[in-house]
Structures are given as structure tokens and as C-alpha cells.
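# Structural overview
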Amino acid sequence: MNKRNWEFRETFFVLTYKLFLNGEFVDSSTKETYEIRNPANGSLVDTVARGTPEDARAAVDFAYDAFKRERQGSSAPPINISRILQVASDLVRQNETELATTMTLEQGKTIAESKGEIRFFAHTLEYYAGLKARGSQVNISDPSKLAVVEKEPVGVVAGIVPWNNPILLMGAKLASALAAGNSIVIKPASTTPLSTLKVGELFVKAGLPKGLLNFVTGSGETVGEELVTNPKTRKVSFTGDTATGKRIMQLASSNLKRVTLELGGSNPIIVADDADIDAAVNATLNGRFRNCGQGCMCVKRTYVFEKIAPIFVEKLKSKASAIVLGDGMKPETTMGPVHSKPQLEKVSRQVSDTIEKGANLVLGGGAPSSPELSKGFFYLPTLVTDVDQTSKLVSEECFGPALPIITVDSMDDAIEQANSSIYGLGASVWTKDLARAKKAARELEAGTVLVNSLYGAGGWEIEVPMGGFKQSGVGREYGIEGLESYTETKTTIYGS
Ligand code: NAD
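Read on for an overview of the structure. Please read all numbers here as calculations on a predicted model, not as lab measurements.

### So, the pairing of strand β13 (residues 258-262)
Taken together, the 5 bridges between strand β12 (residues 233-239) and β13 define a ladder with parallel strand orientation. The residue bridging F238 from the neighbouring strand is L261, located in β13. Following the chain from β12 across helix α8 (residues 242-252) to the adjacent parallel β13, one finds a crossover that is right-handed. Alignment of β13 against strand β23 (residues 473-474), held across 2 bridges, turns out to be antiparallel.

What follows is the structure, encoded as C-alpha cells:
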């Protein structure tokens, strides 16, 4: 298996990562490649094949043939997908350091965060290795007949993944699609394909039959749109921006493909005046600044009861000031760079707009001054108070290390403001009053509500469904619902 071309570039040898089609690493149809650069310092990490719509079509054809072959049971011996997922999980664990290092170099997050993501992926594979979709036998009015409800695989799945958690977000799609008996073509984000391609190699070693898993690297507009419009693709599972999700839903309607859309979020955290303030501060800190604030489930707006706002802000400021920015490969770094220049510019614009609308800058508000960080896309941990609800840090999703803090005078006020967003992915409430907690959990418009519970480390759990209300998405991933979203329901009625 020759995954790599060695070639001379700049002053050192680099590897060329290829497309993973039908169990082999191959060049793109044009043989073109492009560079992946480290967001912490701009250095060249590696080069990767630039996939084309033709490559995407080939991937779907391979996936289609593999699906038919496995479905017809023509493999000898028949595959045991549970066993393969379990072996792949073990291999992912054994290769944690290499996968995590590659991810930190291409994405920017700290090596500890990358290792956590790889472990989450291994756990996801293991979980789906042991899970089966639920069929049933149903008693119908005519007792002479037997009704059986089965879950069948959908067919070829297109999985489209963003750059913020490249492996973890791919993991739910890959593991549940394969476990449910489908084949899948994955398109990683164009800026974070390297760690993903390494996973292909591990699945070859785990014995996955060729064609069931394929990776096509390249842009969303070319490779992504071909996957979404290809008539042989039966389902699209997309994670990314809400605007892209809307476009994908339109494109997928051409032949009524099944869609799961995991989209943006502007998750509120509510801190009541009876909350354990230190625990709420830690949750906010971890929830906002983890992965440099680039997580769908990150805390993005804070609503604090007036009475405790000064002490909450003081404690949060003290902890956020202690965050160490730097290259994610350095052990002392606790927050890496923003992933890309456009993302950095977006966060800067959102903070400037919020300050122009009268907010008070408590911490950060720009790039760090250290010359050592000048080549990376770094942004200081930023806190603003006295925030106008119309400012961009509140009305838009902020995918970076900046947090608006808004004071509220009651739980009703907090819930109303928290719900005044187009998004409904996650929400969190901190209070010791059970009645208040229950009210908030019931009224908050979000797919996941955390009550006195941490965002961040394991920001969600593999065993429970995850997804959004409102414009945060359609459908659910993870848990049994996630597995079954990769199935069709078939009813068979047997006569006597
Ligand atoms: P993005 O929408 O720009 O890109 C996501 C993926 O879609 C990439 O692979 C991209 O190449 C591809 N793509 C872009 N345009 C496409 C098109 N027209 N057709 C097909 N594919 C296309 O998003 P991003 O900036 O990479 O990711 C950040 C966003 O993802 C944030 O909004 C974040 O909240 C969201 N997100 C959501 C979840 C969730 O589970 N709800 C999880 C993580 C990230």
C-alpha cells in the first residue's frame, strides 16, 4: 500500500497525501495537489491531492458497488462489521500520538485536545461496534398474518465534515454508517484532511473490504457538491455552517436524499444567583476557550444574574488571563491559534462591532503582542460586558475565543434572551434550585441542555443523541438515534 509520494519541497522532504478510493491511495484525476499550512506559524505541514468532481464520482461508484456486493452477501467470508470496527478502534488507540500530532499541525488545537479527540473517536468506533438497529415484530389486527419491521441500510452515504473537530465529527458518521450496513464517502474540510487520510490506512489494516469507506479531499463547491447531487448517493450527513447546510438541503432535494444536518450554534449559559459560582466559572471557561472557542457545543453567550455578575466576571477574568497561547505542540500551551485567517478576521469583526455598540472590554480584544506568535492566527481570550443584544457577538455564532456577558434579573429574563437566537444547539443552566433548573431545562430551545454540568471535556456523550433545534440542524447523530438515521424502515407482512 503506497500512500505517499516523496517529493522535494522548500528545504525539506514532505509527504503527498492521496485520495483513498476503493481501499487504495491514489492521485487525483488531475494529479494536482495543494498545501496544508500550520495555523500556529504558517509553516508547510504537507501537501494533499486536490480531488475533483470526477474523483468524487469515482468514489461514489466504488461505494455503490461495495454496498451492493456486501448487501448481496457475495463476500467470502461475509464481513463482521462489529469486529472490524473494534479492531479499527484498537488501531486508533495504538496510533493516538501520530494521529493527534498530525491534527494539531493541521488544525492548531493543543496536543492534549487532539489526543482527547482521538480517544473520543476510538470510543465511538467501539460503541457502534456493539450496537445494532432495533427491528421488531408487531401484532396486527389479522392474527393470521405476521408483521416484521426491519431497519435496512440506506445505501451510499456522503459524509461532509468541518475543520474544527476533523476526526471526532467524522467518527459519528463513519462508525454509524458502517455499523448500519452502508458504504460511505467522506469529504474532510479542505484545510484538515491529513489526520483523516491516516484513518483510511488503519481501516485497511483492520480488514474493511475495499470500497466501503472512501475519502475524497478537495473543496466543498467541487467535491462536496458532486457528492450531494450524485444520484447514487442516498443520504448526506453534513456538519458545518448553517448557510452551507441550507444549500446542501436544497441540492439534496433533487432526488429526495435523506439528510442529517449538524449546523451552527450560539449556545447560552445561564448562571443564577444561587449557582456554585466557581463551578459555573470553570464550565464557562472550559466551554468557551476549549479548542480556541471553535466548537459547535462551545459556550457562546453568558447570561448572569445581576447580583452575582461582578464576582462572576472577576473570577472568570482571572482564570481566562491565565490561559497560555501558543503552538499546540508545546506542552505549556493551553490554547492554540484560530484555525485560519478568514476565521480570525470574522472574530475580530464580531468583537469590534460589539465594542462599537457600547460594550465594555474586560479582557483581550485583539492579537497578542508577542513576536513569537506573530506568524500565527492568534487571538487573545476576550471578555466583554454591557453587551447590546443586537451586537454581532450575540446575534451571530462566534467561532473563536470571545465571550459576551449579559446581566439578567430573573430566570424568565435569562430564558427569553437565551431563546432569542436563530440557533438551538446547546444550552446550559447553573442553579441549585431544582424547580428553576427544571423550568429552564423545559423552556430552553436546544437539542441538548446541561444542568450544573460541564461543557467541554466530552462536550457531549456518545451514547445520547446530539443535534439542533431551529437553524442548528435537522436530525440527530450519536446514540441509537444516530445509528438509525442511517437506516430505512421496512415493513414486511407475511400471510398464512
Ligand atoms: P463549512 O460549512 O464552511 O464547511 C463544512 C464542510 O462543508 C467542509 O468540508 C466544506 O468543504 C464543505 N462544503 C462547503 N461548501 C459546500 C457545498 N456547497 N457543498 C458541499 N460541501 C460544502 O463549515 P466550517 O467553517 O468548516 O465549520 C464550522 C461550522 O460548523 C460552525 O458553524 C459550527 O458551529 C458548525 N459545526 C456544527 C456541529 C454540530 O454538530 N452541530 C459540529 C461542529 C461544527
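Now, onward.
### Some words on the sheet that holds strand β7 (residues 136-138)
Taken in spatial order, the 3 strands make up an open sheet running β7-β8-β24, and their pairing is antiparallel. In the strand order of this sheet, the two ends are held by β7 and β24 (487-494), each with one partner. Across this sheet, the average inter-strand angle for adjacent strands is 25 degrees, counted without regard to direction. Here strand β8 (residues 146-153) pairs with β24 via 8 bridges, running antiparallel. By the bridge assignment for β24, V149 is matched with T491.

### Some details on the pairing of strand β17 (residues 382-385)
In regular strands, side chains alternate between the two faces of the sheet. Neither face of β17 is open: one carries T382 and V384, the other L383 and T385, and all of them are buried. As defined by bridge partners, strand β16 (residues 360-363) adjoins β17 across 3 bridges and the pair is classed as antiparallel. Within β17, the residue paired with L361 across the bridge is V384. As defined by bridge partners, β17 adjoins strand β18 (residues 402-408) across 3 bridges and the pair is classed as parallel. Across the sheet, the residue bridging to T382 is A402, located in β18.

### Describing the site of the ligand
The immediate surroundings of the ligand are formed by 28 residues, with V161, E225, T244, L263 and E397 found nearest. Here a nitrogen atom of the ligand and a backbone polar atom of G220 are 3.4 Å apart. Contact between the ligand and G240: an oxygen atom at 3.3 Å from a main-chain N or O atom of the residue. In isolation the ligand offers 850 Å² of accessible surface; the protein chains occlude 91% of this area. Of all the secondary-structure elements, those providing two or more residues to the shell around the ligand are α7 (220-229), β12 and α8. Split into classes, the residues belonging to the shell around the ligand amount to 14 nonpolar, 8 polar and 6 charged. Among the domains, domain 1 (4-263 + 475-492) and domain 2 (267-461) are the pair contributing at least three residues each to the shell around the ligand.

### Observations regarding the packing of helix α3 (residues 96-107) against helix α6 (residues 194-206)
Orientation of α3 relative to α6, taken along the N-to-C sense of each, is 160 degrees, at an axis distance of 8 Å. One finds that α3 runs roughly antiparallel with respect to α6. Every residue of α6 that contacts α3 at E98, L99, T102, M103 and E106 is listed here: L194, S195, K198, V199 and L202. Residue composition of the contact of α3 with α6, grouped by class: 5 nonpolar, 2 polar and 3 charged.

### Brief notes about unusual backbone geometry
Trans peptide bonds make up the majority, and among non-glycine residues the majority have a negative phi. Positive phi values are uncommon outside glycine, yet L256 reaches one of about 50 degrees. Its identity is not glycine, yet K470 carries a phi of approximately 50 degrees, on the positive side. Here K470 lies in strand β22 (residues 469-470).

Rules used throughout
Residues numbered from 1 in each chain as written. Predicted model: local features only at pLDDT ≥ 70, side-chain atom pairs only at ≥ 80, totals over all residues. Heavy atoms only, no water. Pairing = 2+ DSSP bridges. Helix = DSSP H or I, 4+ residues; strand = E, 2+ residues; numbered from the N terminus. Right-handed = clockwise from strand over helix to strand, strands pointing away. Axes fitted to C-alpha atoms, helices over the stretch in contact; angles between N-to-C directions. Buried < 20%, exposed > 50% of the residue type's maximum accessible area, 1.4 Å probe, protein only. Near = heavy atom within 4 Å. Polar contact = N/O pair within 3.5 Å; in protein donor to acceptor, adjacent residues only side chain to side chain. Areas by Shrake-Rupley, 256 points an atom, 1.4 Å probe, with all protein chains shown as cover. Nonpolar A, V, L, I, M, F, W, Y, C, P; charged D, E, K, R; others polar. Domains from an automatic or database assignment. Parallel < 35°, antiparallel > 145°, perpendicular 65-115°, else oblique. Contact = heavy atoms within 4.5 Å.

Fair warning: the whole summary comes from geometry, so function is off the table for now.
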